[in-house]
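Notes for the structure review
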Amino acid sequence: MMDTAGNIPATVPSGRASARRERAVEHVVHSDLVASAAQGSPIDASKVSRLIIVRASDGGQLRTVLTGTKVVRTIAYPSRRYRCVRYGEAETECSMIEQQEVCPVTVAAISQPMRIEALVDGVWLRTIVDAAVLRVNGERALIECKRDWSGFRTRDGAIQTVLGGLAARALGWRYERRVLAHSGSPRRRANVCEVASCRFVHVSDSLVSRATRLLADGPVALETLGAVLHNDPANGRARAYALMARRIVDIDLDGRLDGRAECRAAPVAVGRLPSLRR
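Now for a description of the structure that goes with this document. None of these values were measured; they are calculated from a predicted model. (Residues numbered from 1 in each chain as written. Predicted model: local features only at pLDDT ≥ 70, side-chain atom pairs only at ≥ 80, totals over all residues. Heavy atoms only, no water.)

**Let's talk about the packing of aromatic side chains**
The tally for this structure, following the rule as stated, stands at one aromatic pair. For the ring pair tryptophan 149 and phenylalanine 152, a centre distance of 5.6 Å and an interplane angle of 40° mean the geometry is tilted. (Phe/Tyr/Trp six-rings, centres within 6.5 Å; stacked < 30°, edge-to-face > 60°.)

And the structure:
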């Protein structure tokens with residue numbers, strides 16, 4: 001989401017964010033990053049003088065009000081894995097939220113987590129980045145979404161790329177751009193929706209332990225895992241899907257979701273992971 005305004009203090013909300021309590025932190029502007037990121041963009045690298053990152057006071061989603069003024073898909077997605085409602089708009093961002101619910105390497109995710117504000121030649125430029133993620137290897141990233149790559153070649157898209165890259169560098173994170181093609185084939189997207197639809201199915205601790213022991217010996221077929229979880233195939237499959245949303249099972253979502261679909265243990269983090277909220 002992009003917003004521009006001139007001569008407005010950086011801590012004044014743009015009107016697009018929610019009324020949540022905010023905290024703003026000013027960061028050092030890295031001239032080497034600006035110089036590389038600003039090539040071919042509307043930003044003059046030498047004129048970026050201030051960088052401020054504004055977050056919700058609790059470190060969660062900053063923007064939680066979607067006005068519906070744009071003719072695009074919007075969602076308020078109840079997440080089992082992240083224990084919150086995640087808000088998003090436009091197809092790529094909405095698809096990403098659904099995929100992150102079952103992604104085996106995504107440990108934490110926050111939608112629209114921060115507003116990035118930069119003072120460029122006396123004018124404040126602002127954007128709300130689409131997502132922040134923490135992966136099982138400890139990597140943190142800011143993600144900006146567009147339907148296709150042409151969206152990043154517009155004036156607003158180019159400015160978003162520079163501001164997002166500046167913020168990521170200041171935080172010591174990665175900056176990634178995502179388009180709808182990253183969501184995979186129609187089959188994968190359909191499989192993601194099918195698995196995520198069972199994310200709130202209850203699975204007892206004893207069944208979780210049973211599934212974990214089974215997967216410790218290596219990959220198994222979905223029908224084998226389901227049989228361990230329930231004697232009814234449909235219930236067993238639903239519980240296997242629920243364990244993927246809990247990041248216990250990693251099911252192959254690129255092929256057919258039949259009884260032969262491969263299931264393996266989800267990757268385990270080694271050591272203590274950093275936080276997305278700090």
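**Here we look at unusual backbone geometry**
One non-glycine residue, arginine 83, adopts positive backbone phi at about 55°. Turning to its location among the elements, arginine 83 is positioned in the loop between strand E4 (74-79) and strand E5 (84-89). Note on arginine 83: relative accessible area 68%, which makes it exposed. Look at arginine 247: it is not a glycine, yet its phi comes out positive at around 60°. You can see arginine 247 is positioned in the loop between helix H7 (233-245) and strand E13 (249-251). (Helix = DSSP H or I, 4+ residues; strand = E, 2+ residues; numbered from the N terminus. Buried < 20%, exposed > 50% of the residue type's maximum accessible area, 1.4 Å probe, protein only.)

**Points about the state of the cysteines**
Such a bond, covalent and formed between the sulfur atoms of two cysteines, is termed a disulfide. Tallied over the full model, the rule gives zero disulfides. No disulfide involves cysteine 94; its sulfur sits 9.3 Å from the nearest other cysteine sulfur, which is in cysteine 145. You can call cysteine 94 buried: its relative accessible area is 0%. (Disulfide = S-S within 2.5 Å.)

**Things to note about the sheet that holds strand E6 (residues 106-111)**
One open sheet holds the four strands; their spatial order is E6-E9-E10-E11, and the pairing between them is mixed. Strands at the two margins of the open sheet, each flanked by one partner only, are E6 and strand E11 (174-178). Each strand axis lies, on average, 25° off the axis of its neighbour in the sheet, ignoring direction. Bridge count for E6 against strand E9 (residues 131-135) is five bridges, and the pairing is antiparallel. Each bridged residue has a counterpart across the sheet, and for threonine 106 the counterpart in E9 is arginine 135. Most of the contacts of helix H2 (residues 91-100) go to strand E10 (residues 140-145), to which it runs at about 145°, and overall it touches E6, E9, E10 and E11. Seen against the sheet, helix H3 (residues 155-171) touches E10 and E11 and runs at an angle of roughly 150° to E11. (Pairing = 2+ DSSP bridges. Axes fitted to C-alpha atoms, helices over the stretch in contact; angles between N-to-C directions. Contact = heavy atoms within 4.5 Å.)

**What about the sheet that holds E13?**
Strand order in the open sheet formed by three strands is E12-E14-E13, with antiparallel pairing between adjacent strands. Taken across any chain shown, the strands that pair with only one partner, and hence form the sheet edges, are strand E12 (220-221) and E13. Pairing of E13 with strand E14 (residues 262-265) involves three bridges; the strand directions are antiparallel. Paired with isoleucine 251 across the bridge in E14 is cysteine 263.

Geometric values such as these leave the question of function open.
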